[in-house]
Amino acid sequence: MNRPVSRRVVGVAAASAIALLAASCGSGTSSDGSVGSGPVPEPSEPVTVSFASWVGDEKGMKKLYKKFRKEHPNITVKFQNIPAERMREKLTAQIAGGNPPDTAYIDASLTASLASRNALVNLDNYLKRSDIIDRADYVEAFKKLTTHEGSMYGLPFDGESTGLFYRTDMFKAAGIEEPPATWEEFEAAARKLTIPAKKQYGYQLFASESAYYWYPWLWQAGGDVLSKDDKTVEFTSGAAKKAAEFYVGLNKYSAPDYLNSNSYDGRVAFANGQVGMYMAGAWFAGVLDDEFPKLSGKWAAAPLPEGEAGCATTIAGDALVVFDGSKHADAAWKWVEFLSKRENVADWTYKSEGTLLPPMQSMLDSPDLEKEKPVLTGFAEMMECGVSHVSSNKDWPRIEE
């Protein structure tokens, strides 16, 4: 459903490029749903809104749209299908040209950058008027991804937390009985699993995504990326240096052939038994089931090992936004509000073929999730430890790079 590489590799580049050009979109004039009171009315005449995404052709989205048309016959959604890897280029050009889509499905980490450049509609008033969406139900870390200066500019739609995948067959062969729960246990397991003569290693680092996968160790050591006001660099603190030394030290337990790969390409090392532990989002569970079905019963997932400051994990996800300047903002809102109904979020995430999680706490706590997709239970629990690495500082994308 979602390309994992696009979240971390494409996402940062997209934010950087959009930050440079989004200002040309100006403050715009939205048609008038972001102000007013009472339920947003249905359009009295047929209206067409454009929706940019890389998921428009997927059967799950088509199913939801068919349902939407029955409920909102006067609103037609025109899908602009853009590959995830081209979303940056396309949105940048549209914003710079003053003709962005009415609404879009984007990597949630882009929201604050777009909002800081006045490219998006502030959704606060829409949320106040909605009897469908409970703003307080969104997981705090996901809400932060779509918040700028205290206001929400996007609706979290799907997401994932990062966990530890491990080969149960390799653990058994190495005499490791349980997944590691602490840094010390993690390094001990990596050491036991590493047998260079057999081209077998304990863990895998990815240089191209080093920031994203280092953040959990940073937070678990008690460090942070920026200060709470997003104005001061904090990733050079003592705690950060300790986390960096530990993380970089894992290099000796990693397969050299994959150090310059990304996490998606590196899935092959895990599947082939070249590495015994692999850090990834819930997306990887779906990839293993789909691409490597013969591995069934030979792998499992666990929470990340904890540091001195406790548990912490990165989260990633996608969001629904309405672009400022849209002539049909109310109709665009009706579309994103419809998609955000709990039953529709469930159909899109854990009731689909993929392994995405809903961004609402009530849904994560529901026994329905465990019943429908047991492999996601641990990742749902890890949401409580989820931390957003995205800053509202407009220069954050360049800082991170």
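Since the structure is predicted, the reported quantities are computational estimates derived from the model, not experimental observations.

Criteria and thresholds
- Residues numbered from 1 in each chain as written.
- Predicted model: local features only at pLDDT ≥ 70, side-chain atom pairs only at ≥ 80, totals over all residues.
- Heavy atoms only, no water.
- Buried < 20%, exposed > 50% of the residue type's maximum accessible area, 1.4 Å probe, protein only.
- Helix = DSSP H or I, 4+ residues; strand = E, 2+ residues; numbered from the N terminus.
- Pairing = 2+ DSSP bridges.
- Core = buried A, V, L, I, M, F, W, Y, C linked by side-chain atoms within 4.5 Å.
- Contact = heavy atoms within 4.5 Å.
- Disulfide = S-S within 2.5 Å.
- Phe/Tyr/Trp six-rings, centres within 6.5 Å; stacked < 30°, edge-to-face > 60°.
- Lys NZ or Arg CZ within 6 Å of the ring centre and 35° of its normal.
- Axes fitted to C-alpha atoms, helices over the stretch in contact; angles between N-to-C directions.
- Parallel < 35°, antiparallel > 145°, perpendicular 65-115°, else oblique.
- Left-handed = near helix turned anticlockwise from the far one by under 90°.
- Nonpolar A, V, L, I, M, F, W, Y, C, P; charged D, E, K, R; others polar.
- Patch = residues over 30% accessible without salt bridge, like charges linked within 9 Å, V, L, I, M, F, W, Y side chains within 5 Å.
- Areas by Shrake-Rupley, 256 points an atom, 1.4 Å probe, with all protein chains shown as cover.
- Salt bridge = Lys/Arg side-chain N within 4 Å of Asp/Glu carboxyl O.
- Lys, Arg positive; Asp, Glu negative; His and termini not counted.
- Charge placed at Lys NZ, Arg CZ, Asp CG, Glu CD.
- Polar contact = N/O pair within 3.5 Å; in protein donor to acceptor, adjacent residues only side chain to side chain.

### Topic: the pairing of strand β9 (residues 313-322)
Phase 1 of the analysis: Burial analysis of β9 places 10 of its 10 residues in the buried class, which makes it a mostly covered element.
Phase 2 of the analysis: The alternating pattern of β9 places Thr-313, Ile-315, Gly-317, Ala-319 and Val-321 and Thr-314, Ala-316, Asp-318, Leu-320 and Val-322 on opposite faces, both of which are buried.
Phase 3 of the analysis: In this sheet, β9 lies alongside strand β6 (residues 155-167) in antiparallel orientation, the contact comprising 6 bridges. Note that in β9 the partner of Leu-155 across the bridge is Leu-320.
Phase 4 of the analysis: In terms of strand pairing, β9 meets strand β10 (residues 386-387) through 2 bridges, oriented parallel. Directly across from Thr-314, in β10, lies its bridge partner Val-387.

### Overview of the nonpolar core
Phase 1 of the analysis: Residues Leu-155, Phe-165, Phe-284, Trp-333, Trp-335 and Leu-339 are the most contacted members of the largest nonpolar core, which totals 89 residues.
Phase 2 of the analysis: Among the elements that take part in this core, helix α13 (residues 329-339) stands out by supplying 8 residues, more than any other.
Phase 3 of the analysis: Excluding residues that lie within four positions of it along the chain, Phe-284 makes contacts with Phe-165, Arg-267, Phe-270 and Tyr-278.
Phase 4 of the analysis: Counting residues in each nonpolar core, the second largest holds 36 residues, with Leu-164, Ile-176, Phe-186 and Tyr-203 among its members.

### Some remarks on the state of the cysteines
Phase 1 of the analysis: Taken as a whole, this structure holds 1 disulfide when the rule is applied.
Phase 2 of the analysis: Paired through a disulfide, Cys-311 and Cys-385 show a sulfur-sulfur distance of 1.9 Å. Judged by the torsion about the S-S bond (-75 degrees), the Cys-311/Cys-385 disulfide is left-handed. Here Cys-311, found in the loop between β8 (299-302) and β9, pairs with Cys-385, found in the loop between α17 (377-382) and β10; they are 74 residues apart in sequence, far enough to count as distant.

### A closer look at the packing of aromatic side chains
Phase 1 of the analysis: One pass over the structure, following the stated rule, counts 32 aromatic pairs.
Phase 2 of the analysis: Aromatic side chains Phe-165 and Phe-284 sit 4.9 Å apart centroid to centroid with 85 degrees between the ring planes, which places their arrangement in the edge-to-face category. One end of the pair, Phe-165, is in strand β6; the other, Phe-284, is in helix α12 (residues 283-291), and 119 residues separate them in sequence. Of the two residues, Phe-165 and Phe-284, both sit in the buried class.
Phase 3 of the analysis: With a centroid separation of 5.5 Å and an interplanar angle of 70 degrees, the aromatic rings of Trp-283 and Phe-284 are classed as edge-to-face.
Phase 4 of the analysis: Given a relative accessible area of 0%, Phe-284 falls into the buried group.
Phase 5 of the analysis: The ring of Tyr-264 carries the charged tip of Arg-267 above its face, separated from the ring centre by 4.1 Å.

### Some remarks on the side chain of Gln-274
Phase 1 of the analysis: Mapped onto the elements of the fold, Gln-274 is located in the loop between α11 (267-271) and β7 (277-281).
Phase 2 of the analysis: With relative accessibility at 19%, the residue Gln-274 sits in the buried group.
Phase 3 of the analysis: Gln-274 has contacts with Lys-199, Gln-200, Tyr-201, Tyr-258, Val-268 and Ala-269, leaving out every residue within four places of it along the chain.

### A word on the packing of helix α2 (residues 59-71) against α13
Phase 1 of the analysis: Orientation of α2 relative to α13, taken along the N-to-C sense of each, is 120 degrees, at an axis distance of 11 Å. Taken together, the axes of α2 and α13 are oblique relative to one another. Seen from above, α2 lies across α13 with right-handed handedness. The residues of α13 that touch α2, namely those facing Met-61, Leu-64, Tyr-65, Lys-67, Phe-68 and Glu-71, are Lys-334, Trp-335, Phe-338 and Leu-339.
Phase 2 of the analysis: In terms of residue class, the contact of α2 with α13 is made up of 7 nonpolar, no polar and 3 charged.

### Considering a negative patch on the surface
Phase 1 of the analysis: Residues Asp-365, Glu-370, Glu-381 and Glu-384 make up a contiguous surface patch of negative charge.
Phase 2 of the analysis: Relative to the helices and strands, Glu-381 is located in helix α17.
Phase 3 of the analysis: You can call Glu-381 exposed: its relative accessible area is 53%.

### Re the pattern of salt bridges
Phase 1 of the analysis: Counting across every chain of the model gives 12 salt bridges.
Phase 2 of the analysis: Taking the shortest distance from any N to any O, the salt bridge between Glu-187 and Arg-191 comes out at 4.0 Å. Of this pair, Glu-187 and Arg-191 both sit in helix α8 (residues 183-193), separated by 4 residues, roughly a single helical turn.
Phase 3 of the analysis: We classify Arg-191 as partly exposed; its relative accessible area is 46%.
Phase 4 of the analysis: In this structure, the salt-bridge partner of Glu-308 is Lys-242, at a minimum N-O distance of 2.4 Å.

### Overview of the environment of Glu-384
Phase 1 of the analysis: Here Glu-384 is to be found in the loop between α17 and β10.
Phase 2 of the analysis: C-alpha of Glu-384 to C-alpha of Leu-164: the two residues are 220 residues apart in sequence and 16 Å apart in space.

### A short note on the pairing of strand β3 (residues 103-107)
Phase 1 of the analysis: Counting buried residues in β3 gives 5 out of 5 residues, a clear majority hidden from the surface.
Phase 2 of the analysis: Sheet analysis places strand β1 (residues 47-53) next to β3, joined by 2 bridges and oriented parallel. Paired with Phe-51 across the strands is Thr-103, a residue of β3.
Phase 3 of the analysis: Bridge count between β3 and β9: 5 bridges; the pairing is antiparallel. Bridging across to β9, Ile-106 finds its partner in Ala-319.

### Points about the side chain of Ser-254
Phase 1 of the analysis: Inspection of the secondary structure puts Ser-254 in the loop between α10 (238-249) and α11.
Phase 2 of the analysis: A relative accessible area of 2% places Ser-254 in the buried class.
Phase 3 of the analysis: Only 3.3 Å separates the side chain of Ser-254 from the backbone oxygen of Leu-250, close enough to count as a polar contact.
Phase 4 of the analysis: Those residues within four positions of Ser-254 in sequence are excluded, and the remaining contacts are Tyr-201, Tyr-203, Gln-204, Leu-205 and Leu-259.

Function cannot be inferred from these measures alone, as they are strictly geometric.
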